[in-house]
Amino acid sequence: CVLVYGLSGGPPDAEALRELGAAALRLSRGADLLARLGEDRLALLLHDADEAAAARVAQRLREGLPPALAATLELRLHPWRGSEVGALIASLRAR
């Protein structure tokens, strides 16, 4: 599964994006991959995770963010195979 999330509430803030990325890395496992999709969007590619597992990660991310950091999270489900990471990130960037 892939968890795609971005910042809301105005123009991209580099510090807020770094904080969001750091929170995602704290929640990730060794086989997961964090990718930047654009100015204000990141994707956490969750290896061997189903929709329920992705929802749990999204909830923990929401709970782990400082209240001042307005983050919007959306789940996008994609199968993830290590050999297809580049194509998957390209397809997510195009959305």
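Quick notes on the rules
- Residues numbered from 1 in each chain as written.
- Predicted model: local features only at pLDDT ≥ 70, side-chain atom pairs only at ≥ 80, totals over all residues.
- Heavy atoms only, no water.
- Salt bridge = Lys/Arg side-chain N within 4 Å of Asp/Glu carboxyl O.
- Helix = DSSP H or I, 4+ residues; strand = E, 2+ residues; numbered from the N terminus.
- Buried < 20%, exposed > 50% of the residue type's maximum accessible area, 1.4 Å probe, protein only.
- Contact = heavy atoms within 4.5 Å.
- Core = buried A, V, L, I, M, F, W, Y, C linked by side-chain atoms within 4.5 Å.
- Pairing = 2+ DSSP bridges.

Colleague: What's the story with the pattern of salt bridges in this structure? I'm lost.
Modeller: On inspection of all chains with the given rule, the structure shows 2 salt bridges. Its salt-bridge partner being Glu 15, residue Arg 18 comes within 3.0 Å of it at the nearest N-O pair. Within this pair, Arg 18 and its partner Glu 15 are both found in helix α1 (residues 14-27), separated by 3 residues, close to a single helical turn.

Colleague: Mind showing me how you'd approach the side chain of Arg 41 here?
Modeller: Mapped onto the fold, Arg 41 is located in strand β3 (residues 41-45). Of the residues examined, Arg 41 reaches a relative accessible area of 17% and is grouped as buried. The contacts of Arg 41, once residues within four sequence positions are left out, are Val 4, Tyr 5, Gly 6, Leu 17, Arg 36, Arg 76, Leu 92, Arg 93 and Arg 95.

Colleague: Quick question: what am I supposed to make of the environment of Val 57 here?
Modeller: With respect to the element layout, Val 57 can be found in helix α2 (residues 51-64). Of the residues examined, Val 57 reaches a relative accessible area of 9% and is grouped as buried. Taking the C-alpha atoms as reference points, Val 57 and Ala 24, 33 residues apart in sequence, are found 8.7 Å from one another.

Colleague: Whenever I open this one, the nonpolar core confuses me. Can you help?
Modeller: If you look at soluble globular proteins, the nonpolar side chains tend to sit buried side by side. Leu 3, Tyr 5, Leu 20, Leu 44, Leu 46 and Leu 61 are the most contacted members of the largest nonpolar core, which has 21 residues in total. Residue contributions to this core peak at 6 residues, all from α1. Counting residues in each nonpolar core, the second largest holds 10 residues, with Leu 37, Ala 43, Ile 89 and Leu 92 among its members.

Colleague: Explain the pairing of β3 here, please?
Modeller: Note on strand geometry: in a regular strand, side chains alternate between the two faces of the sheet. Among the 5 residues that make up β3, 5 are buried, leaving the element largely enclosed by the rest of the structure. Residues Arg 41, Ala 43 and Leu 45 line one face of β3 and the alternating positions Leu 42 and Leu 44 line the opposite face, and both faces are buried. Sheet topology places strand β1 (residues 2-7) next to β3; 5 bridges connect them, and they run antiparallel. Within β3, the position partnered with Val 2 by the bridge is Leu 45. Summarising the sheet, strand β2 (residues 33-36) and β3 pair through 4 bridges and their orientation is antiparallel. Following the sheet pairing, Arg 36 is matched in β3 by Leu 42. From the end of β2 to the start of β3, which pair antiparallel, there are 4 residues.

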